[in-house]
Structure formats: structure tokens, C-alpha cells
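Structural characterization, general
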Amino acid sequence: MNAALAEAVIAGGRPVAAEAVLDARGLSFAHAGAGTVFDGISLSIRRREIVALLGSSGCGKSTLLRVLAGLETPATGEVRFLGQPQAEPHPRSALVFQQPSLLPWLKLADNVGFGLDFAHQPRAGKAALAARVAAAIEAVGLAGREGAYPAQLSGGMAQRAALGRALAREPELLFADEPFSALDAITRAEMQALLVDVVHRWHSAVLLVTHDIDEAILVADRIVLMGGRPGHLVQEWSVDIPRDREDHPDAVAELRLAILAALRHASP
Amino acid sequence: MTGLLFPLAGLLAAALLWAAGAGWMESTTPVASAFAPMATAEALQALLLGSDLWAHVAFSLQRVAVGLAIALALGIPLGVLTGLSPLFSTATTPLFQFARMISPLSWMPIAVMVLGVGDAPVYFLLAFAAVWPILLNTAAGVSQLDANWLLLARSLSATRIETLLSVVLPGITAHILTGVRLAIGIIWIVLVPAEMLGVSEGLGYFILDARDRLAYSDLMAAILVIGFLGYLLDHAARSLHRRWLHA
Ligand SMILES: Nc1ncnc2c1ncn2[C@@H]1O[C@H](COP(=O)(O)OP(=O)(O)OP(=O)(O)O)[C@@H](O)[C@H]1O
Ligand SMILES: [Mg+2]
């Protein structure tokens, strides 16, 4: 019996995909007095896999992301992180929001290292944490700006810093909720390429919520379409177009048309 | 250079009007000559070179500090509570808005009756005047905290104390500093009349004393000092705010 399978068996006797970082079964969620947001959602994310969650506005993507990240408790169903039932956000998961949401009173380096020394984070020495912060800042191309305050960064730089803050946690899984939708087209393209590059280097999996079909196709290994009311997962596609995908416009266009057709079908 | 030109021109125009007004009044009220700019300037110079005025200034500034400290100690926790608890906010908002609109000076007789003559009623009046802007700005700061900061803290499994110390308090500091600036303005205005009752030091006392001594040039000089110190205090509060934001 190999180690990963042993881990899965020990984790609770239920065989999970050996390399799943996140495994969710039968999730539903309702806001108090506002009805069911989504229902019957099962989703598994493999190690190092980039999954894009597509869906029309208001279908519950952000809510699902918060449930998967352990920030909300589902009404039914269960989320397992590395095989373990997840009761609170896992230290090896990280968040990136639509807005950088940097803390304006902290320098860039302190923003990137924010919270790494909190009581419930895994113990690590000061030097080790500083090295993680430095590596993350370097990876997002902000080396030399460690002393800058958020007010002194451009929007694109601030979002790089937010990505760096997530990387500094050495995440097994990165939750990103429309992280680039507030950026201009050029910066967005840069950030998409950067995201793919750094998560490959960090061996992280990603759940990327997005409205943007092209972004999903360019970035993701797998695209999951959410729709309906209450929301559920409608369809999914594996994206096996080789990277860089800009070099394969025909395959990209073909997949885009398929997704568009499914979107139209999902929201009549 | 032009940045200073217009403010200086404004001040100069005011001084000319002041001189003209005093000169015009002098024909009917000879004592008005003591209020004139030159007489005031001489008195001011003498006061600045002596030690009397400085002692009064020190007393007044110390009262500002104590009043502000009490207002902060009460206003920040109450403001955080108001911002965090909709129930507490609903229960107290009408009360606070009501109390805020009562001139603190109207409490003076009661304050003296309850707290006795001396510094205590002055502290009370100053704190009572200053607590509202601090409380309301703190509450506004809490309700305007970036929800993502709180999500971030939760994603790090932050304890309550960690969330309070590393997100909530620094996150509302800019608002608190805005409250402090407003509070200092109010305190400085309330201070002088509050010091006219039952104390024998401070700028308010100095004004009354100058009146009783018929030292009208000293009185005018004290008014200038009050204005100038108020300006400095406001400037200090404003630059503190700016420094915090790194803007
Ligand atoms: N705190 C709340 N209380 C009640 N209903 C809520 C709350 N937050 C969100 N909702 C509702 O839940 C549904 C799903 O919201 P959610 O933000 O997850 O959608 P989304 O797919 O992320 O939308 P978007 O693409 O616009 O970001 C929406 O209909 C929204 O109105
Ligand atoms: Mg959303």
C-alpha cells in the first residue's frame, strides 16, 4: 500500500482520490431567510490542478468558494482537505480577492507576511518566515519594493502583492475569487500568466472563480460550469490545450464556443 | 512662495481692519487703545518673555490632554461596540445623538455641584464634549472595515485578540484620528469658558483675570495665543492623520 493511499484510509476509511487536495461531497448552503444558494455540489480538486469555476452573476460562486475554503459551514455535505474533514480554514489554503485588500498601515513585506505568526498557524522560525516572504515577493516581481506602503502601489502591483501574500503561506490550494476582474486588459493578461507560473513553481492547486471564459481557458486545467437556481454544477471540461495557449487559437476558440453554448443552455 | 503669499495677505488685512476698528472706537471709548494691535503686540512680547503666561498655557494643555485621554478611553470601546453590535447601536444611537447636541457647558453647574470646585468638573466637561466625535468616528470606522480583511484574518484562523489587534484597531485608526482632530477642536473651544469657573490657572482663567486687572492688552494677547495654539493643535492632529495613512 503506498503512502498516499494509506493516508486516505487512515483519514476516515473512505477512499478518496489519492492526490486530491480538496474533496467536497453533497454540499448545500442557505443564507438565513434568503433561500438555498446551491445544492448537491460535489467537487474534487487534485494536487497542483488549476480549476476554473465559471458561472453567471449571482449563481453562488463566491458562496461556494467560501464554503470550500472553510469560511462558511455548509448546511449539508462535507469538505475534506488533504483527506481530513475541514472544520476551519486549513493553514495550507490561501485566499485572493477581487480587490487586493492589502492592509494600508503595513509595508509590503509585512502585508505579504501578514498572519504567518498567528497562534493557529504552524510554528516556524522567524528566519524561515522571512525567507518565505522574500521568495513570495520575488516571485510576484516586487523585489525592491518591500518597504512600500499599499497607497504607493499601482492597482496591478497591489494585486501582485495580494498574490504574494497568498504564496507566502505555501498553499496546497489557492482560492481566488475573480482576482483579476478589476484590472485593465494588459495587466490582467500579465497576471494570468504570472498566476500559472507561480502556482506551478509553488506546486499549488487553484480554484479560480471567474466570469471570463477566455481567462478560464487560458489558465485552467479544468473548467467547471455552475448555474441554475439553486446553483449546481452543470458541466465540466478538461482543458488539454498545450501551454502557452495563446499559440493555439483554434483550439481555444472551439472550447470557447462549446462553453458559450452550455452557458446559454444553463441560463435560459 | 505664492503658497504663503495669500494666507499672509489675509492675516495682514485682518490686522489692518483690527487697527482701524480700534482707532475708530478710541474716539468714543478711550480705553479701546489698549485693544489696538501695537499695544497687544507689546503686551504679548512681555507675556512671552515672562513665565506667567507659560504656566497658564501648560495648565490648559494638560487639561486638553486629560480630557482627550478620558474621551478616548470611553469613546473607542463604546464606538467599537456600536460598530460591531447592531443591537447596541440601535439601542444607543438616539441617546447619543441627543446627548451630543447638548452644549457641554450647560452641564457646568451640575458638574461643579457633583464633582466639586477644581479640575474635576473641567475634565468632565472637556471629556463630555470630546467623546462624541471619537465615538461616532470609531463606530463609522468599524462598520467601514474592509470585509476582506476580516475574511483574511479568519482564513488564518486568527483568534479574537489577533483580529482585534492586527485588523480592527489599526483598521479604524484613521477614523479615530479624524475623531481626535474634531475632538481637539471642540475641546479647545470648550476649554476657555470651562476654565472661567472655579479654577485659578489656565488660559480661560487668565482672560478673566486680565479683565479684572483691566489689563486689556494682556486680554487681547491671550486671545491671540489661544488662536495660535488651537491652530497648532489642529495642525498636529492633521499631520498625525496624514502620517498614519502614508498618503
Ligand atoms: N449575506 C447574504 N445574505 C443573503 N443572501 C446573500 C448573502 N450573500 C449573498 N447572497 C445571495 O446569494 C446568492 C449567491 O451570491 P454569490 O455572491 O455567491 O454569487 P456569485 O456567483 O459569486 O455572484 P457574482 O458573480 O456576482 O460575484 C446571490 O443571489 C446573493 O444575492
Ligand atoms: Mg462573487
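Quick look at the sheet that holds strand 8 (residues 205-210) of chain A now. Sheet strands associate in pairs through backbone hydrogen bonding, adopting either a parallel or an antiparallel arrangement. Residues and elements named next belong to chain A. Pairing in this open sheet of six strands is mixed, and the strands run 6-7-8-3-9-10 from one edge to the other. Each edge of the open sheet is held by one strand with a lone partner, namely strand 6 (93-96) and strand 10 (232-238). Direction aside, neighbouring strands of the sheet carry axes that sit 20° apart on average. Pairing of strand 3 (residues 50-55) with strand 9 (residues 222-227), which is carried by five bridges, proceeds in the parallel orientation. Residue pairing in the sheet places Ala-52 in a bridge with Ile-223 of strand 9.

Turning our attention to helix 5 (residues 155-167) of chain A. Here helix 5 of chain A is 13 residues long and its end C-alpha atoms lie 18 Å apart, about the 18 Å a rise of 1.5 Å per residue gives. The buried fraction of helix 5 of chain A is high, at 11 of 13 residues. Among the residues making up helix 5 of chain A, those that are buried are Gly156(A), Ala158(A), Gln159(A), Arg160(A), Ala161(A), Ala162(A), Leu163(A), Gly164(A), Arg165(A), Ala166(A) and Leu167(A). Of the surrounding elements, those touching the buried residues of helix 5 of chain A are strand 6, helix 3 (108-112), helix 4 (126-139), strand 7 (173-177) and helix 6 (185-202) of chain A together with helix 7 (147-155) of chain B.

With that settled, the discussion passes to the packing of aromatic side chains. One pass over the structure, following the stated rule, counts eight aromatic pairs over all chains. Measuring from ring centre to ring centre gives 5.2 Å for Trp105(A) and Trp149(B), while their planes differ by 90°; the resulting arrangement is edge-to-face. In this pair, Trp105(A) sits in the loop between strand 6 and helix 3 while Trp149(B) sits in helix 7, so the two residues belong to two different chains. Each member of the pair Trp105(A) and Trp149(B) is classed as buried. Note on Phe96(B) and Trp132(B): the rings are 5.6 Å apart at their centroids and 50° apart in plane angle, and the pair reads as tilted. Taken together, the positions of Phe96(B) in helix 4 (residues 86-100) and Trp132(B) in helix 6 (residues 119-143) put the pair 36 residues apart, joining distant regions of the chain. Pair check on accessibility: Phe96(B) and Trp132(B) agree, each one buried.

The interface is formed by 24 residues belonging to chain A together with 19 residues belonging to chain B. Inspection of the region where chain A meets chain B yields zero salt bridges. Our enumeration of links across chain A and chain B arrives at nine residue pairs in polar contact (both at pLDDT 80 or more).

So, on to the domain arrangement of chain A. One frequently used descriptor of interface size is the decrease in accessible area upon assembly of the parts. All names here are of chain A. Taken domain by domain, chain A comprises domain 1 (3-92 + 171-266) and domain 2 (106-170). For domain 1 versus domain 2, the separation of C-alpha centres amounts to 24 Å. Roughly 1400 Å² is buried in total at the junction of domain 1 and domain 2, and carbon and sulfur atoms are behind 68% of that figure. By the criterion of area lost to domain 2, the three top residues of domain 1 are Pro-91, Met-191 and Trp-202, representing 37% of everything that side buries. Residue Arg-160 pairs with Glu-190 through a salt bridge whose shortest N-O separation is 3.4 Å. At the junction of domain 1 and domain 2, the tally comes to four residue pairs in polar contact (both at pLDDT 80 or more). With eight residues, helix 6 is the largest single contributor of residues to the side of domain 1 that touches domain 2.

Parameters and conventions
Residues numbered from 1 in each chain as written. Chains lettered and ligands numbered in written order. Predicted model: local features only at pLDDT ≥ 70, side-chain atom pairs only at ≥ 80, totals over all residues. Heavy atoms only, no water. Pairing = 2+ DSSP bridges. Helix = DSSP H or I, 4+ residues; strand = E, 2+ residues; numbered from the N terminus. Axes fitted to C-alpha atoms, helices over the stretch in contact; angles between N-to-C directions. Expected span 1.5 Å × (residues − 1). Buried < 20%, exposed > 50% of the residue type's maximum accessible area, 1.4 Å probe, protein only. Contact = heavy atoms within 4.5 Å. Phe/Tyr/Trp six-rings, centres within 6.5 Å; stacked < 30°, edge-to-face > 60°. Salt bridge = Lys/Arg side-chain N within 4 Å of Asp/Glu carboxyl O. Polar contact = N/O pair within 3.5 Å; in protein donor to acceptor, adjacent residues only side chain to side chain. Domains from an automatic or database assignment. Buried area = accessible area lost by both parts, 1.4 Å probe.

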